[in-house]
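Read off the chains here:
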Amino acid sequence: MPGRPTSPSMGWHARCHTRLRQLLAAACCLSALQAMQAAAAPVAAADRDLDTDIGMVAAAAPASTSANTAAAAPDPVVLRLAQHLTPGTLASDGGQRRLLDALYALIDEYPDVRKARAALESAGHDVNTARGARWPTFKVGTNTGDAKLRRGRESYTAVNAEVRMALLDGGAIGAGIRSAESQEAAQGSVLYGTRQNVLLEALTALLELHRFEDKARVAAESARIIGQLARIEERRAELGAVGRNDLRQAASRQAGALAQQHALESQRMDAQARFTRYFGFTPQPGWLPQLNVPVQWMPANEDSALQASETVSPELQEMEQQIEKARAEVDRSKSQRFPTLAAVVAHTRDPSGVLYAEGTRYGVELSWNFGNGFELRDRILKAINELQAQEAQQETVRRQVRETASAAWGRTQSGRQRESQLADAVREARAAFEGRRRLLEVGRGSLAQVLDAQLDMQRLLLDEADAIYDQRINELRLARTTGRLLPQDPPDHWLNALFTPQKPIPAGGGAPGTAPMDEPGNAPGPAPGNAPDIKPGPAPSRSRPEPQDAAVATLSASAMPQRIQLRLEQQLRPVSDAFPTTASRQQW
């Protein structure tokens, strides 16, 4: 009470309370430092270069503030060589080896290739048959019956053996050989074209599978981003800051993105079934390597592409051989107008001697088949008409080859420009989305504007995926047209160049040649507030992003497991000898 004198006992109690508060503060500080020591123990065991003494720091903490400052002073940072593990995937290496083995087996063992090879072998047998016509022919026969002789009717049984060899045939045998050889060469061109077509279709199936995997990943990432935005907006709506119309729009957009993801997953399953039909195995997501057409396979200009396509086109080669066959057939038809001369050696054995006497006949036979005059003429005219039809067909095929080469060259050039323009568009749409998102975080924008920016970015990402894989397919078609996809006599490991890493082409978003948005120096600055960091997913590119389970839209691509191959590399890393300088301690 005011004016009441203070007794000595009351002063003693005040001093006791003050001392007790100091002891409690020291005890709390000591317990906090002990908790720091327990939390930092695993990191201290990994960094053996650090010389820390938590006990000394804890003992010196309640002594004086200057002692704490001296203990917390960082030591000089020393740069030391540390082993850094880079994520090169074992799965991609194993997948590349298995894919290449399947490709090399595909161009030899695919059913269409085996069918064409069987036709080629059949044509080879026809060539052997035609060449065998120059050799002597052997014939053995028997006949039996009754003969009316002067002494009466008698039965006979005779055995005949004959050897015949053509001496002159008017060129029919030679024309038949040329016709068979031309047919065999044509079947060889068909086999070569079939192998090229099968390889092109298989690689196209691989690219289509990559396309729909990336597009499904873009849709899943878009749904995840919209879900995060919706959760932020829902919290703001619960606080009464905004209405719920934008929240309903976000829910609608998220449902649409998920529906699009499921539609793309269905298309991915179709592409996977087609891939399995060609390669004979079902790949795991993110297991297959990316395909890049080597630059040296591409022609320098359109004229060189047209010239190469006409030179190596298997279709034109087949038509040339078919024309040679038709000419040989015309010669063979004309040769029937001339007589034939054959050498004959015959022997007939008649045990009863009714018809034939024992002996062997040697001689030559001259025959001239006149027919009725109309059959031979019609046969010659028919062969000439077939030759004219083959020549007209050759011109048609030549025009088709030139058209295909010119169209492939034009699509490749325009596709490259389209890919570059969409990369720029994706980059600008990503920046616009980030700007709208930051404005929303500081309360100067609306969710509808962010959703519109996100929708534009998603549409452009899907268009960029189509542009990238359309360009790869066009390059493969151009390489097939010019004969660079699979030469007539390819060197060993020719197809390995398709999966050799090349210098990436700059693209928008997460495309090669640009740093991803979440790397240091490229990530957007921290926005005010405690809103979660929302970043759009990577754009499809030649470098495949991390695999993602497309059925779960709330998981990001980086959260999915992946088997990694550990490779040792030398990297300079700052290593300190003091406890407080490590990043793990600095957070305390």
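Residues numbered from 1 in each chain as written. Predicted model: local features only at pLDDT ≥ 70, side-chain atom pairs only at ≥ 80, totals over all residues. Heavy atoms only, no water.

(A) Region of the structure containing unusual backbone geometry. Even without being glycine, His493 reaches a positive phi, approximately 60 degrees. Looking at the secondary structure, you find His493 in the loop between α11 (447–481) and β6 (565–575). (Helix = DSSP H or I, 4+ residues; strand = E, 2+ residues; numbered from the N terminus.)

(B) A look at the pairing of strand β2 (residues 137–149). Relative to strand β3 (residues 152–168), β2 runs antiparallel, the two sharing 13 bridges. Looking across to β3, one finds that Gly141 is bridged to Asn160. Counted along the chain from β2 to the antiparallel partner β3, the turn is 2 residues long. (Pairing = 2+ DSSP bridges.)

(C) Representation of the packing of helix α6 (residues 172–238) against α11 within the structure. It is the contact of α6 with α11, at a shortest axis distance of 10 Å, that shows an interaxial angle of 170 degrees. In terms of their interaxial angle, α6 and α11 are classed as roughly antiparallel. Across the contact of α6 with α11, the residue classes break down as 17 nonpolar, 8 polar and 10 charged. (Axes fitted to C-alpha atoms, helices over the stretch in contact; angles between N-to-C directions. Parallel < 35°, antiparallel > 145°, perpendicular 65-115°, else oblique. Nonpolar A, V, L, I, M, F, W, Y, C, P; charged D, E, K, R; others polar.)

(D) View of the packing of helix α10 (residues 374–441) against α11. Closest axis-to-axis distance for the α10/α11 pair is 7 Å, and the angle between their directions is 160 degrees. With respect to α11, the axis of α10 lies roughly antiparallel. Remark: the crossing between α10 and α11 carries left-handed chirality. Grouping the constituent residues of the contact of α10 with α11 by class yields 21 nonpolar, 8 polar and 14 charged. (Left-handed = near helix turned anticlockwise from the far one by under 90°.)

(E) The arrangement of the packing of aromatic side chains in detail. For the structure shown, the criterion picks out 6 aromatic pairs. Centroid distance Phe279 to Phe281: 6.4 Å. Interplanar angle 65 degrees. Geometry classified as edge-to-face. The residues Phe279 and Phe281 share a single accessibility class, namely buried. Between Trp297 and Trp494, the ring centres sit 5.1 Å apart and the planes meet at 5 degrees, which makes this aromatic pair stacked. Residue Trp297 is located in the loop between α7 (245–279) and α8 (302–312), and its partner Trp494 is located in the loop between α11 and β6; the two are separated by 197 residues in the primary sequence. Judged on exposure class, the residue Trp297 and its partner Trp494 are both buried. Sitting above the plane of the Phe281 ring, Arg98 keeps its charged end 4.2 Å from the centroid. (Phe/Tyr/Trp six-rings, centres within 6.5 Å; stacked < 30°, edge-to-face > 60°. Buried < 20%, exposed > 50% of the residue type's maximum accessible area, 1.4 Å probe, protein only. Lys NZ or Arg CZ within 6 Å of the ring centre and 35° of its normal.)

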